[in-house]
Amino acid sequence: MKMLKIAVVSALFASNLISIPAMADNHSISQTAVEAAIEAYWAARNAQDAATVAEMESRSGTLNTNSDGSFHKPLSIPTAERWAKSMKAGGGITVPHFVETTELSPTIVYARYYVEGLVGGRDAPYRTRVTDVWVKEKDGKWRLKAGHFSSAAYGGTHVTASTDFED
């Protein structure tokens with residue numbers, strides 16, 4: 001009977017019906033990969049590398065909410081052209097801080113963190129809380145699927161730009 005239980009549990013693990021994430025320093029491999037992806041994503045945005053930013057977002061589209069107080073955005077299919085147009089509205093340098101990740105499944109990671117920096121021609125201070133959902137897609141790459149930004153801008157708000165309404 002004991003051997004049957006071992007065989008059943010082994011089969012469940014092998015079929016991924018039961019999974020235990022591999023952990024190192026209290027982080028799963030998925031969490032560590034997403035934390036690296038978040039750093040790379042913001043580095044690409046700071047460099048205004050539209051192609052890399054678009055490549056790091058889900059091929060099936062993203063769902064986002066900006067920190068400017070506007071409504072939730074419709075599903076958006078990322079392209080380098082759309083990102084390049086958006087980046088023309090104003091550059092900046094923003095850095096993620098205090099990144100926390102939680103593995104929801106082997107292919108879904110929830111992340112929350114703060115982004116601070118300078119935007120709008122690199123002279124206006126910016127601070128926001130970010131909540132992201134990252135998915136591991138069929139090609140094995142982690143990509144941003146959903147992002148919610150909520151203002152933490154010293155009690156102020158971001159001024160809406162015309163590009164916020166161009167979909």
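Refer to the structure printed above.
Residues numbered from 1 in each chain as written. Predicted model: local features only at pLDDT ≥ 70, side-chain atom pairs only at ≥ 80, totals over all residues. Heavy atoms only, no water.

Draft legend 1. The arrangement of the overall build of the chain in detail. Within the chain one finds four helices and seven strands. The order of helices and strands in the chain, counted from the N terminus, is α-β-β-α-α-β-α-β-β-β-β. Every one of the 167 residues in the chain was classed for burial, and the buried ones make up 32%. Accessible surface, the chain: about 10100 Å² in total, of which carbon and sulfur atoms supply 61%. (Helix = DSSP H or I, 4+ residues; strand = E, 2+ residues; numbered from the N terminus. Buried < 20%, exposed > 50% of the residue type's maximum accessible area, 1.4 Å probe, protein only. Areas by Shrake-Rupley, 256 points an atom, 1.4 Å probe, with all protein chains shown as cover.)

Draft legend 2. Summary view of the pattern of salt bridges. Counting across every chain of the model gives six salt bridges. A salt bridge links glutamate 100 to arginine 112; its shortest N-O distance comes to 2.8 Å. Within this pair, whereas glutamate 100 is found in strand S4 (residues 92-105), its partner arginine 112 is found in strand S5 (residues 108-119), the two being separated by twelve residues in sequence. Among the residues examined, glutamate 100 registers a relative accessible area of 41% and is labelled partly exposed. With a relative accessible area of 44%, arginine 112 lands in the partly exposed category. Notably, a salt bridge pairs arginine 127 with glutamate 116, separated by 2.6 Å at the nearest N-O pair. Here arginine 127, found in strand S6 (residues 124-136), pairs with glutamate 116, found in strand S5; they are eleven residues apart in sequence, far enough to count as distant. (Salt bridge = Lys/Arg side-chain N within 4 Å of Asp/Glu carboxyl O.)

Draft legend 3. Structural context of a nonpolar patch on the surface. A contiguous nonpolar surface patch, about 270 Å² in accessible area, is contributed by Leu63, Leu75 and Ile77. Note that isoleucine 77 resides in the loop between strand S3 (63-65) and helix H4 (80-87). (Patch = residues over 30% accessible without salt bridge, like charges linked within 9 Å, V, L, I, M, F, W, Y side chains within 5 Å.)

Draft legend 4. Highlighting the nonpolar core. Ile38, Tyr41, Trp42, Trp83, Tyr113 and Trp134 are the most contacted members of the largest nonpolar core, which has 22 residues in total. At the level of secondary structure, the elements contributing two or more residues to this core comprise helix H2 (29-46), helix H3 (50-55), H4, S5, S6 and strand S7 (142-151). Per-element accounting of this core gives the leading share, six residues, to H2. (Core = buried A, V, L, I, M, F, W, Y, C linked by side-chain atoms within 4.5 Å.)

Draft legend 5. Representation of the pairing of S4. Bridge count for S4 against S5 is eleven bridges, and the pairing is antiparallel. Within S5, the position partnered with glutamate 100 by the bridge is arginine 112. Count of turn residues in the S4/S5 antiparallel hairpin: two residues. (Pairing = 2+ DSSP bridges.)

Draft legend 6. Quick look at the packing of aromatic side chains. Evaluated as defined, the whole model comprises four aromatic pairs. Measuring from ring centre to ring centre gives 6.2 Å for tryptophan 42 and phenylalanine 149, while their planes differ by 70 degrees; the resulting arrangement is edge-to-face. Of this pair, tryptophan 42 sits in helix H2 while phenylalanine 149 sits in strand S7, and the two are 107 residues apart along the sequence. Grouping residues by exposure puts tryptophan 42 and phenylalanine 149 together as buried. Measuring from centroid to centroid gives 6.4 Å for phenylalanine 98 and tyrosine 114, while their planes differ by 85 degrees, and the two rings are edge-to-face. Of this pair, phenylalanine 98 sits in strand S4 while tyrosine 114 sits in strand S5; the two residues are 16 residues apart in sequence, bridging distant segments of the chain. (Phe/Tyr/Trp six-rings, centres within 6.5 Å; stacked < 30°, edge-to-face > 60°.)

Draft legend 7. Just the sheet that holds S3, in detail. One open sheet accounts for five strands, arranged S3-S7-S6-S5-S4; its pairing is mixed. With one partner strand each, in any of the chains shown, S3 and S4 form the two edges of the open sheet. Strand-to-strand twist of the sheet, defined as the mean angle between neighbouring strand axes without regard to direction, takes the value 20 degrees. Across twelve bridges, the pairing between S5 and S6 is antiparallel. Each bridged residue has a counterpart across the sheet, and for tyrosine 113 the counterpart in S6 is valine 130. Running over the sheet, H2 touches S4, S5, S6 and S7 and is turned about 160 degrees from S4. (Axes fitted to C-alpha atoms, helices over the stretch in contact; angles between N-to-C directions. Contact = heavy atoms within 4.5 Å.)

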